[in-house]
Amino acid sequence: MSGYVGILVSDPWLQNQFTQVELRSLKTHFMSMRRENGKLTLGDLPSKMSRLKVVGESLTEDEREAFIQDLYQNMQDEVDFELFLRVYSKLQAHATDRRGSGAKSSSAFMKAATTTLLHTISESEKASYVEHINNYLKEDEFLKKYLPIDPSTNDLFEIAKDGVLLCKLINVAVPGTIDERAINTKRLLNPWERNENHTLCLNSAKAIGCTVVNIGTQDFIEGRRHLVLGVISQIIKIQLLADLNLKKTPQLVELVEDSKDVEELMSLPPEKILLRWMNFQLKKANYKKIVTNFSSDVKDAEAYAHLLNVLAPEHVDSSVFTVKSPLERAKLVLQHADRMGCKRYLTAKDIVEGSPNLNLAFVAHIFQHRNGLSTQTKEISFLETSPEDAQVSREERAFRFWINSLGNSTYIDNVFEDLRNGWVLLETLDKVSPGIVNWKLANKPPIKMPFKKVENCNQVVKLGKQLKFSLVNVAGNDIVQGNKKLILAYLWQLMRYHTLQLLKNLRFRSNGKEITDADILQWANTKVRNTGSKSRMDSFKDRSLSDGIFFLDLLSAVQPRAVNWSLVTRGVTDEEKKMNATYIISIARKLGCSIFLLPEDITEVNQKMILTLTASIMHWFLNQPVEERPSATSDNETGSQLDTTSNSTMDDSSSESSTECGSI
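By the naming in an unreviewed UniProt entry, the protein chain is Fimbrin-2, taken from Rhodamnia argentea. In its Subcellular location (unreviewed entry) section, the UniProt entry covering the protein chain states "Cytoplasm, Cytoskeleton". What UniProt records for the protein chain under Subunit (unreviewed entry) is the sentence "Interacts with F-actin."

Shown next, in the form of structure tokens:
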């Protein structure tokens, strides 16, 4: 994982206000805001600061404008980074004062959840997540000596410091994500082993869809509570929403009328599906209101009273419909949930205060426990997945998580739907090749006029051609229309370009020359050959790679202590191949490779994902200080391979990537 970057501010007061992680996050926002118009003035801040977590959500634009005008005479004054920090800090303090403790929204489930700059945490959320951990990990052989955790203490953050708890929690959320053979589980871990666990955790969290921008291993070691809780909340959310798709719960087709609606349902994020399910059940109870969120719309607990009555009428207490006090009604709702056998995840006070995270967790658990849908699944052709559809789904997943790992302003749930306005693609292009986007020609969401979306996507296509992507007969409207084949083809070329640029930017190795697929292939074969191994790959689609042995040899070559060979199988049967593939991915992530492939991509030898895996290992290795590399490696060996004549078509004038640690 990347270390911290020193962002110098001369003002001692500012130095005491923010950590390096926070400065780095705010610096990214500042540069993005300034880049959009070429400069940034005080008058620009009220609208542009809407994207900042605490200030943007707690104050309206008019409130931010009035506050800034009270502080400064001339709103046309240009803003540098230190002035930006002063304004933000004062607005943050003002927002905190306005809403009291501010704890309720300090660890939002997704999107900017882990970059919040308000250092309080919600005790209710902490208690709920601790209960969840105690319940789901109580039988774990390693952790049971530390469980149950007392929610009234900060023991959670102490136990999380060795990285094991979070790795195990990821596997509860998405089983099989981490090969537990790769987790360091000694009773006393040295700093190196602890750091490896945190690196494995962060890279694996990204690979299941968590947003962990601007978090480093040191944050876990130091027990930064708001950051640790932010990651935990996202992992738990992913677990609770795991069944909210047609593959896991085909009965969800009951929510729609025809096949066209099924397509729409399949493209929705799980939170939206959960809301649609809740309203579907409430309609049966003749509940007149539409629930649009898990906060203000459920604060009076009336929707919950009707929902539980529909799902479990045998447990209803009729007084829930006559009681006047929302708090008393919320208490009766929770008693009803208890009689159903549902875990609470929240208190009556959390309901009436509208805690969005805990209300979502509560409803998601109700859905898991008793969804009230028919056991008879409608015969829908969409639910039949062909091998080609499965491949498309895997690639969509990899590209989606890669894009989300870059720290764009919008978290995407589906590349075929969420990229259609072009904005996130423009942000991604700007991350991959900084400065390439003409933001003056870009249209920022929300975009109501279709031609504005086409304008954005036309620029996306134009920039792709500038980067020498193969885009024959591709137009911006193809992206707006959600053409799956063309979107995947574009994203693969963008991801590949990013991969090669990360390697090219290691100029001390490549002398500034382009890196080609052939260079990566040659480097990997040379590394493995120098260990004395006879394994090699002839190409990135070499079928012999399916047993995983070559990549285990490569990982062992770049870090001899990485692979425990007693855990490696011969890779003969399908099961042995999958075990090796899972181990490879976890070991690579443990070293520091940010990769998004699945074990099937190795066992089935997916050429694209095999290339990104190899390139990520190469990038990690070349980033290591020379003195820390295996003694068998010579400078000539690694240097000569990248000094080959390039036939790549990549643009040699592209700026260096701003991404510190390559997400490949």
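Structure's up, so let's keep going.
**Focus: the overall build of the protein chain**
From N to C terminus, the protein chain includes 31 helices and zero strands. Here the analysis covers contacts within the protein chain between residues at least 6 apart in sequence; of these, 64% occur between residues at least 24 apart. With the model as given, the accessible surface of the protein chain reaches about 28400 Å², and the carbon-plus-sulfur share is 49%.

**Some remarks on the packing of helix α26 (residues 517–529) against helix α27 (residues 549–558)**
As a packed pair, α26 and α27 sit with axes 9 Å apart at the nearest point and diverge in direction by 75°. On the basis of the axis angle, α26 is roughly perpendicular to α27. Only Phe550, Asp553, Leu554, Ala557 and Val558 of α27 make contact with α26, whose side of the interface consists of Trp523, Ala524, Asn525, Lys527 and Val528. Its residues assigned to classes, the contact of α26 with α27 comprises seven nonpolar, one polar and two charged.

**Considerations on the environment of Gln501**
Take Gln501: it is sitting in helix α24 (residues 484–504). Since its relative accessible area comes to 1%, Gln501 is described here as buried. In this structure, the C-alpha to C-alpha distance between Gln501 and Ser433, residues 68 residues apart in sequence, is 8.6 Å.

**Regarding the environment of Gln239**
Note on placement: Gln239 falls in helix α12 (residues 225–240). The spacing of Gln239 and Ala173 is 66 residues in sequence and 4.1 Å in space, taken between C-alpha atoms. In contact with Gln239, other than residues within four places in its own chain, are His132, Tyr136, Val172, Ala173 and Gln368.

**Some remarks on the environment of Thr582**
The residue Thr582 is located in helix α28 (residues 574–591) in this model. Between the C-alpha atom of Thr582 and that of Leu598, which follows or precedes it by 16 residues, the distance is 7.8 Å. What Thr582 contacts, discounting residues up to four positions off in sequence, is Gly176, Asp179 and Pro599. A polar contact of 2.9 Å, which involves the side chain of Thr582, links it to the backbone oxygen of Lys578.

**Description of the packing of aromatic side chains**
Following the criterion strictly, the structure yields eleven aromatic pairs and no others. Note on Trp277 and Phe367: the rings are 5.2 Å apart at their centroids and 85° apart in plane angle, and the pair reads as edge-to-face. Of this pair, Trp277 sits in helix α14 (residues 270–284) while Phe367 sits in helix α18 (residues 356–369); the two residues are 90 residues apart in sequence, bridging distant segments of the chain. A relative accessible area of 0% means that Trp277 is categorised as buried. Grouped by ring-pair contacts, the aromatic residues Phe30, Phe81 and Phe84 constitute a single cluster. For the cation-ring pair, Lys27 lies above Phe81, with the distance from its terminal atom to the ring centre recorded as 4.6 Å. The ring of Phe142 has Lys145 lying over it, and the distance from NZ or CZ to the ring centre is 4.0 Å.

**Some remarks on the nonpolar core**
Formed by 172 residues in total, the largest nonpolar core has its most connected members in Leu274, Trp277, Met278 and Leu429. Each residue touching Leu274, except ones within four places of it in the same chain, is listed here: Leu241, Leu244, Phe294, Leu360, Val363, Ala364 and Phe367. By size, the runner-up hydrophobic cluster in this structure holds 25 residues, among which are Leu23, Met33, Leu83 and Phe84.

**What about unusual backbone geometry?**
Between Leu147 and Pro148 the backbone carries a cis peptide bond, its omega angle lying at 0°. Along the chain, Pro148 turns up in the loop between α7 (123–136) and α8 (155–159). In this model, Pro445 is joined to Pro446 through a cis peptide bond whose omega is 0°. By the element assignment, Pro446 lies in the loop between α21 (423–432) and α22 (450–466). Here Ala301, not a glycine, exhibits a phi torsion of approximately 65°, which is positive. Within the element layout of this structure, Ala301 appears in the loop between α14 and α15 (302–311).

**Comments concerning the side chain of Arg329**
Relative to the assigned elements, Arg329 resides in helix α16 (residues 326–340). Engagement of the side chain of Arg329 in a polar contact is seen with the backbone oxygen of Asp300, the distance being 2.5 Å. With residues near it in sequence (within four places) discarded, Arg329 still touches Asp300, Ala301, Glu302, Val320, Val323 and Lys324.

**Observations concerning empty space enclosed by the protein**
Under the defined criterion, the tally for this structure stands at three cavities of 30 Å³ or more. Forming the walls of the second largest cavity are Ala305, Val316, Asp317, Val320, Leu332, Val333 and His336. The class makeup of the residues in the lining of the second largest cavity is five nonpolar, one polar and one charged.

**Here's the deal with α24**
With 21 residues, α24 extends 30 Å from end C-alpha to end C-alpha; this agrees with the ideal 30 Å at 1.5 Å per step. With respect to burial, α24 is a largely interior element, 16 of its 21 residues being buried. Taking the backbone nitrogen of Lys485 as reference, a side-chain oxygen 3.3 Å away marks Asn483 as the first, capping residue of α24.

Quick notes on the rules
Residues numbered from 1 in each chain as written. Predicted model: local features only at pLDDT ≥ 70, side-chain atom pairs only at ≥ 80, totals over all residues. Heavy atoms only, no water. UniProt positions renumbered as here; feature names shortened; annotations may be inferred. Helix = DSSP H or I, 4+ residues; strand = E, 2+ residues; numbered from the N terminus. Contact = heavy atoms within 4.5 Å. Areas by Shrake-Rupley, 256 points an atom, 1.4 Å probe, with all protein chains shown as cover. Axes fitted to C-alpha atoms, helices over the stretch in contact; angles between N-to-C directions. Parallel < 35°, antiparallel > 145°, perpendicular 65-115°, else oblique. Nonpolar A, V, L, I, M, F, W, Y, C, P; charged D, E, K, R; others polar. Buried < 20%, exposed > 50% of the residue type's maximum accessible area, 1.4 Å probe, protein only. Polar contact = N/O pair within 3.5 Å; in protein donor to acceptor, adjacent residues only side chain to side chain. Phe/Tyr/Trp six-rings, centres within 6.5 Å; stacked < 30°, edge-to-face > 60°. Lys NZ or Arg CZ within 6 Å of the ring centre and 35° of its normal. Core = buried A, V, L, I, M, F, W, Y, C linked by side-chain atoms within 4.5 Å. 1 Å grid on protein atoms, 1.4 Å probe; cavity = no way out; pocket = protein on both sides within 12 Å on 5 of 7 lines; lining within 4 Å. Points joined across faces, edges and corners; volume = space filled by probe spheres on them. Expected span 1.5 Å × (residues − 1).

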